[in-house]
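So you can see what is in the structure, the chains are spelled out below.
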Amino acid sequence: WVDYMCMPQQPGAARDSAVGSLLSYVNRASDFVTAVPAMVSVRDHVDPQTFSSRGWCRFECLARVCCRGGFVRWTDGTRGGDI
């Protein structure tokens, strides 16, 4: 599993389908790595510290831990760790 902008953000059928299939993908993945490069957008700042405060991100990590146990790994391209 490599998490990089995989969930549609707008409400609707595409997002419902993605959320509904999340557990299936997470359960089949032998590793769970989240790419969290530090970046600033018009609305937000994203980095490894803000990652763990986001609802979708926390949901995906919880899904991993509940389905497979173990760790969720993250990288920002230069360093990494476990959540």
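As a reminder, the structure under discussion sits directly above these lines.
Given the structure is predicted, the values throughout are model-derived calculations rather than measurements.

What counts as what
Residues numbered from 1 in each chain as written. Predicted model: local features only at pLDDT ≥ 70, side-chain atom pairs only at ≥ 80, totals over all residues. Heavy atoms only, no water. Helix = DSSP H or I, 4+ residues; strand = E, 2+ residues; numbered from the N terminus. Expected span 1.5 Å × (residues − 1). Buried < 20%, exposed > 50% of the residue type's maximum accessible area, 1.4 Å probe, protein only. Arc of directions from axis to C-beta. Core = buried A, V, L, I, M, F, W, Y, C linked by side-chain atoms within 4.5 Å. Contact = heavy atoms within 4.5 Å. Bend = angle between axes of the 7 residues up to and from the residue.

**Student:** Mind showing me how you'd approach helix α3 (residues 55–68) here?
**Tutor:** Turn by turn, an α-helix covers 3.6 residues, leaving residues three or four places apart pointing in a common direction. Over its 14 residues, α3 extends 20 Å from the first C-alpha to the last, a length consistent with the 20 Å expected when each residue adds 1.5 Å. What α3 keeps buried is the set C57, E60, C61, A63 and R64. Angularly, the buried residues of α3 cover 155° about the axis, an arc narrow enough to put them on a single face. Exposed and oriented more than 90 degrees from the buried face of α3 are G55, R58, L62 and C66. Positioned one or two residues after α3, G69 has a phi angle of 70°, which is positive.

**Student:** Would you take a moment to explain the nonpolar core for this structure?
**Tutor:** For soluble globular proteins, the rule of thumb is that nonpolar side chains tend to be buried together. Among the nonpolar cores identified, the biggest contains 12 residues, and these are M7, A18, L22, V26, F32, V36, F51, C57, C61, A63, V72 and W74. When contributions to this core are tallied by element, the ones reaching two or more residues are α1 (13–28) and α3.

**Student:** Just to check I follow, could you spell out the environment of R68 for this structure?
**Tutor:** For R68, the position within the fold is in helix α3. Classification of R68 by relative accessible area gives partly exposed; the value is 40%. Separated by 38 residues in the primary sequence, R68 and S30 have C-alpha atoms spaced 8.5 Å apart. In contact with R68, other than residues within four places in its own chain, are V26, N27, R28, A29 and S30.

**Student:** Would you take a moment to explain the environment of G81 for this structure?
**Tutor:** With respect to the helices, strands and loops of the structure, G81 is situated in strand β6 (residues 80–82). Put simply, G81 and P48 are 33 residues apart on the chain and 9.5 Å apart in space, counted from C-alpha to C-alpha. In this structure, G81 is in contact with V72, R73 and W74, ignoring residues within four places of it in sequence.

**Student:** Please clarify how α1 should be interpreted in this entry.
**Tutor:** For α1, built from 16 residues, the straight-helix expectation of 22 Å at 1.5 Å per residue is met to within 8% by its first-to-last C-alpha distance of 23 Å. Of all the bends in α1, the largest measures some 40° and sits at S21. Of the surrounding elements, those touching the buried residues of α1 are α3.

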